[in-house]
Amino acid sequence: GDLYSVITRFKKIANELGSVFPQVLAKASRESFERKISQYQLNDSDASDALQDNDNDGLNNLAEFKQGTHPALADTDSDGLNDGNELQYAASPLLADTDYDGLTDEQEVNQYQTQANSSDSDNDGLSDFAEVTLHFSNPNNADSDGDGMSDSYEITHQLDVNANDAGQDLDADGLSNKEEAVL
């Protein structure tokens, strides 16, 4: 067929589906909703259970339902930080490493005091993971040694991120490391 007949057939099929699709969608949505009600151990005829916090994570059952977290697990993603705390720190309670930097949300919040939702908490161009595991620099300070050169600049130019080497002249060209950094 020609284009006109193809379009006409498509419209006819779309019209036929259009009358059935909302019913199918409504049934699927209801079944999905009923599964969630059962999974979350909620009674759809008693709203009081929505305010309970069965796992003591700081989120009531309704909040767990809305977030997609498990109402019987205080730490749905098993990263060591409970679901309620993850939301306080703008982290995902469904991902052990919200910012995908190689550190769990719990490590970021409790061990390194970095931002669990930012892979580079100090915006110096080095990931939090690289700072704490490779360079042993401060992931919360773009210039860990306070010498006026960013950590990423020092790493790129083979300087020491943990020692004030601004006045030195590593390449012996008559300019200090800091003078070269501002060029």
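Check the entry above for the structure.
The sections below set out a description of the structure shown in this document. (Residues numbered from 1 in each chain as written. Predicted model: local features only at pLDDT ≥ 70, side-chain atom pairs only at ≥ 80, totals over all residues. Heavy atoms only, no water.)

1. Topic: the side chain of Glu180
1) Next: When you line up the elements, Glu180 lands in helix H7 (residues 177–181).
2) Next: Nearest to the buried, unbridged Glu180 among oppositely charged side chains is Lys178, at 14 Å.
3) Next: Sequence-distant contacts of Glu180, that is, excluding residues within four places in its chain, are made with Tyr153, Asp169, Asp171, Asp173 and Leu175. (Helix = DSSP H or I, 4+ residues; strand = E, 2+ residues; numbered from the N terminus. Buried < 20%, exposed > 50% of the residue type's maximum accessible area, 1.4 Å probe, protein only. Lys, Arg positive; Asp, Glu negative; His and termini not counted. Salt bridge = Lys/Arg side-chain N within 4 Å of Asp/Glu carboxyl O. Contact = heavy atoms within 4.5 Å.)

2. Observations concerning the side chain of Asp79
1) Next: In this structure, Asp79 sits in the loop between helix H2 (61–67) and helix H3 (83–88).
2) Next: Side-chain polar atoms of Asp79 contact the backbone nitrogen of Leu81, separated by 3.0 Å.
3) Next: Ignoring any residue separated from it by four or fewer positions in sequence, one finds Asp79 in contact with Glu86, Leu95, Ala96, Thr104, Asp105 and Glu106. (Polar contact = N/O pair within 3.5 Å; in protein donor to acceptor, adjacent residues only side chain to side chain.)

3. Some words on unusual backbone geometry
1) Next: Phi is positive for Gln113, close to 55 degrees, though the residue is something other than glycine.
2) Next: Along the polypeptide, Gln113 turns up in the loop between helix H4 (105–111) and helix H5 (128–135).

4. Re H5
1) Next: Along H5, the residues that are buried comprise Asp128, Ala130, Glu131 and Val132.
2) Next: Looking at the buried residues of H5, the elements they touch are H4 and helix H6 (151–156).
3) Next: Just past H5, the residue Phe136 takes up positive phi, approximately 55 degrees.

5. Some remarks on a nonpolar patch on the surface
1) Next: Taken together, the side chains of Leu94, Leu95 and Tyr100 make up a nonpolar region of the molecular surface, amounting to roughly 320 Å² of accessible area.
2) Next: Mapped onto the elements of the fold, Tyr100 is located in the loop between H3 and H4. (Patch = residues over 30% accessible without salt bridge, like charges linked within 9 Å, V, L, I, M, F, W, Y side chains within 5 Å. Areas by Shrake-Rupley, 256 points an atom, 1.4 Å probe, with all protein chains shown as cover.)

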